[in-house]
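Results of the structural survey
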Amino acid sequence: LGSWSNLALLAGVFLLTTGFSQVISNTATAVLIAPIVLTAALGLGVSPYPLMMTVAIGASTAFLTPIASTTNLMVMSPGGYAFKDFFKNGLPLAIIYLFVTLLLVPLIWPF
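Residues numbered from 1 in each chain as written. Predicted model: local features only at pLDDT ≥ 70, side-chain atom pairs only at ≥ 80, totals over all residues. Heavy atoms only, no water.

A short note on the packing of helix 3 (residues 48–59) against helix 5 (residues 83–108)
Orientation of helix 3 relative to helix 5, taken along the N-to-C sense of each, is 155 degrees, at an axis distance of 11 Å. When the axes of helix 3 and helix 5 are compared, the pair comes out roughly antiparallel. In this structure, helix 3 crosses over helix 5, and the sense of that crossing is right-handed. Residues Pro50, Thr54 and Ile57 of helix 3 form the contact with helix 5, whose own contacting residues are Tyr97, Thr101 and Val105. Counted by class, the contact of helix 3 with helix 5 contains 4 nonpolar, 2 polar and no charged residues. (Axes fitted to C-alpha atoms, helices over the stretch in contact; angles between N-to-C directions. Helix = DSSP H or I, 4+ residues; strand = E, 2+ residues; numbered from the N terminus. Parallel < 35°, antiparallel > 145°, perpendicular 65-115°, else oblique. Left-handed = near helix turned anticlockwise from the far one by under 90°. Contact = heavy atoms within 4.5 Å. Nonpolar A, V, L, I, M, F, W, Y, C, P; charged D, E, K, R; others polar.)

What to know about the packing of aromatic side chains
On inspection of all chains with the given rule, the structure shows 2 aromatic pairs. Ring geometry for tyrosine 81 and phenylalanine 86: centres 6.0 Å apart, planes at 70 degrees, overall edge-to-face. (Phe/Tyr/Trp six-rings, centres within 6.5 Å; stacked < 30°, edge-to-face > 60°.)

Structural notes on helix 5
Along its 26 residues, helix 5 runs 36 Å from first to last C-alpha, staying within 8% of the 38 Å computed at 1.5 Å per residue. Where helix 5 bends most, the angle comes to about 35 degrees, and this point is glycine 90, followed within four residues by the proline proline 92. Looking at the buried residues of helix 5, the elements they touch are helix 1 (6–21), helix 3 and helix 4 (70–79). (Expected span 1.5 Å × (residues − 1). Bend = angle between axes of the 7 residues up to and from the residue.)

A few points about helix 2 (residues 26–44)
At 3.6 residues per turn, the α-helix brings residues three or four places apart onto the same side. Under the 1.5 Å per step criterion, the end-to-end length of helix 2 is 26 Å for 19 residues, consistent within 8% with the ideal 27 Å. Along helix 2, the largest kink reaches about 30 degrees and is centred on isoleucine 33; proline proline 35 follows within four residues of it. Turning to helix 2, its buried residues number three or more, namely Thr29, Ile33, Ala34, Val37 and Ala41. Looking at the buried positions of helix 2, the neighbouring elements they touch are helix 1 and helix 3. Of the residues one or two after helix 2, glycine 45 is the one with positive phi, at around 75 degrees. (Buried < 20%, exposed > 50% of the residue type's maximum accessible area, 1.4 Å probe, protein only.)

Concerning a nonpolar patch on the surface
The grouping of Leu16, Phe20, Val23, Ile24, Leu32, Ile67, Leu73 and Phe83 at the surface amounts to a nonpolar patch, some 680 Å² of accessible area in total. When you line up the elements, leucine 32 lands in helix 2. (Patch = residues over 30% accessible without salt bridge, like charges linked within 9 Å, V, L, I, M, F, W, Y side chains within 5 Å. Areas by Shrake-Rupley, 256 points an atom, 1.4 Å probe, with all protein chains shown as cover. Salt bridge = Lys/Arg side-chain N within 4 Å of Asp/Glu carboxyl O.)

Structure representation (structure tokens):
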């Protein structure tokens, strides 16, 4: 994605990190993805700061599945939520996070 544009790379990093954070903890996701993104940024000759901030933001978007976070699991049964409720309500929020990240991160941390 880095050969397309920096914004495409940023979106890819966000989507990859968000995908991982739905099935493993946000800390493990950040530890797993950060070295890959850092190496990619250095290999492409771009600043690693916007990409690493995107990893941090993407790792915190654990609201698409109930297994993404212990908090989600704690409220699932008492609230009477189903698995699909998390996805139905979390997907629009994740899309908003994606667009805000793509808008603000390059402005605050330029490539």
